[in-house]
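Coordinate inspection notes
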Amino acid sequence: TEIAFIPFNFKKFDFETISLLKENPDYFSICIHGCNHIGKEFGSLNYINLSKLACEALWRMEQIKITTGLSYDPIMVFPQGIFSSIAIKALKDSGYIAAVNSTILSNDIGELPDIEYKKPYTKYYYDFPLFLRRYPKDRNYFIDDVKNGRPILIVEHHSIFRNGYEIISNLVEWINKLGNIKWTSLLNIAKYYLGESYCPNKMKIHHNPQNIKLKFKTIFRRFLSEIRDNHIETNELFNKIYHLLRK
C-alpha cells in the first residue's frame, strides 16, 4: 500500500502511524501528492512556479524524514490527475524518479499515439517516466495489464473505505488469480521497469516560502478539506448532505 501524502501537511503526523509505517516497510510506503494540493497546481505552464512547487514538496518530505526517520519515494502523484508537460519537465529537473497518474494526457498537448498506452510507462514528455494507475472499476484494463507485463497500479481515495476495505481486497484476490503477481512499492516498481541503474538528476530540495496571500488560501483550503475528510465523510447524514450540496 502506497500512501500519497500531501507535503503541505509535513508538520502534522501521528507517531503511532509513523511507527506502523516504519516497522512494516514491506507493506507500506509513502510518496508525494502535489505540494499544497490546491486548484490545478501542476496544470500550470509556468516552469519557474512549477519548479518551486516541485522543490518545495521535496523539502517538506525531507523534514518528515529528518524528524521521524520515515523515508519516502521521490515519486509524484498529481492532485486531481491534472498536469502539464511543463510540470513533467519541472519534476525531471528537480530529481524525481517518476510520476504516477490516472491519465497520461497532459492538459497542454493533444492525444498521445496509441503505442504509449501499450507500454509499462510512457516517456513521451521530456523523456521522463509516467506510469498509469487505474480505479477498481476498470477490471478489463487490469487483465490487459497482466497479459502485457505492465504494472498493476490500483488507486482509490480514503472516502471509499468508510464502510470497509472489500472493494480493494476483493479486487486484489481476483488479480492474484490472473498471474504471478508481486505487490511492492512504487519505488520498487519504478526500479524494476526502469532498471536498478536508473538514476535521475540529484534532487533539488529548496525551501521557497510562498507569499502571504497564497499561504492563507492554502491553509484555508486544507482546513476545509480536513473538515470534509474527518467529519463529513465519516458521517452518513453529513456525507449525503455534502454531496447533495455539491450537485
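Here's a quick rundown of the structure. (Residues numbered from 1 in each chain as written. Predicted model: local features only at pLDDT ≥ 70, side-chain atom pairs only at ≥ 80, totals over all residues. Heavy atoms only, no water.)

Helices and strands together make up the secondary structure of the protein, namely eight helices and five strands. Order of helices (α) and strands (β) in the protein, N terminus to C terminus: β-α-β-α-β-α-β-β-α-α-α-α-α. In terms of overall dimensions, the protein is globule-like: its C-alpha atoms have a radius of gyration of 18 Å, near the 18 Å expected for 247 residues. With 247 residues in all, the protein has 40% of them scored as buried. (Helix = DSSP H or I, 4+ residues; strand = E, 2+ residues; numbered from the N terminus. Rg over C-alpha atoms; globule rule 2.2 N^0.38 Å. Buried < 20%, exposed > 50% of the residue type's maximum accessible area, 1.4 Å probe, protein only.)

Moving on, we get to the packing of aromatic side chains. Across all of its chains, the model carries 10 aromatic pairs by this definition. Pairing Y124 with Y125 gives two aromatic rings, centres 5.5 Å apart and planes at 85°, and the pair type is edge-to-face. A relative accessible area of 2% places Y125 in the buried class. Taken together, the ring pairs in this structure connect F42, F78, F83, Y124 and Y125 into an aromatic cluster. Cation over ring: R139 sits above W174, and NZ or CZ is 4.6 Å from the ring centre. (Phe/Tyr/Trp six-rings, centres within 6.5 Å; stacked < 30°, edge-to-face > 60°. Lys NZ or Arg CZ within 6 Å of the ring centre and 35° of its normal.)

The next thing to look at is the pattern of salt bridges. With the rule as written, the count across this model stands at seven salt bridges. As a salt-bridge pair, D93 and K89 come within 3.2 Å of each other at their nearest N and O atoms. Placement of both D93 and K89 in helix α3 (residues 85–94) is noted, with a separation of four residues, approximately one turn of the helix. Residue K89 is classed as partly exposed on the basis of its relative accessible area of 29%. With a closest N to O distance of 3.6 Å, D127 and K123 form a salt bridge. Overall, the relative accessible area of 45% leaves D127 in the partly exposed class. Through salt bridges with shared partners, one network takes in R134, D145 and R150. (Salt bridge = Lys/Arg side-chain N within 4 Å of Asp/Glu carboxyl O.)

A word on the environment of P25. In this structure, P25 sits in the loop between α1 (15–23) and β2 (29–32). Separated by 160 residues in sequence, P25 and S185 have C-alpha atoms that sit 9.0 Å apart.

This part takes up the packing of helix α4 (residues 139–147) against helix α5 (residues 166–176). Close contact between α4 and α5 brings their axes to 11 Å; oriented N to C, the two are set at 35°. Both α4 and α5 take part in a crossing whose hand is right-handed. Contacts between α4 and α5 involve R139, F142 and I143 on the former and, on the latter, N170, L171, W174 and I175. In terms of residue class, the contact of α4 with α5 is built from five nonpolar, one polar and one charged. (Axes fitted to C-alpha atoms, helices over the stretch in contact; angles between N-to-C directions. Left-handed = near helix turned anticlockwise from the far one by under 90°. Contact = heavy atoms within 4.5 Å. Nonpolar A, V, L, I, M, F, W, Y, C, P; charged D, E, K, R; others polar.)

When you line up the elements, R150 lands in the loop between α4 and α5. A distance of 3.3 Å separates the side chain of R150 from the backbone oxygen of K118, its partner in a polar contact. Excluding its chain neighbours within four sequence positions, the residues that come into contact with R150 are Y117, K118, K119, P120, R134, D144, D145 and Y193. (Polar contact = N/O pair within 3.5 Å; in protein donor to acceptor, adjacent residues only side chain to side chain.)

Examined bridge by bridge, strand β1 (residues 2–5) and β2 share four bridges and lie parallel to one another. By the bridge assignment, A4 is partnered in β2 with C31. (Pairing = 2+ DSSP bridges.)

This part covers the environment of S169. With respect to the helices and strands, S169 occurs in helix α5. Taking the C-alpha atoms as reference points, S169 and Y141, separated by 28 residues in sequence, lie 18 Å from one another.

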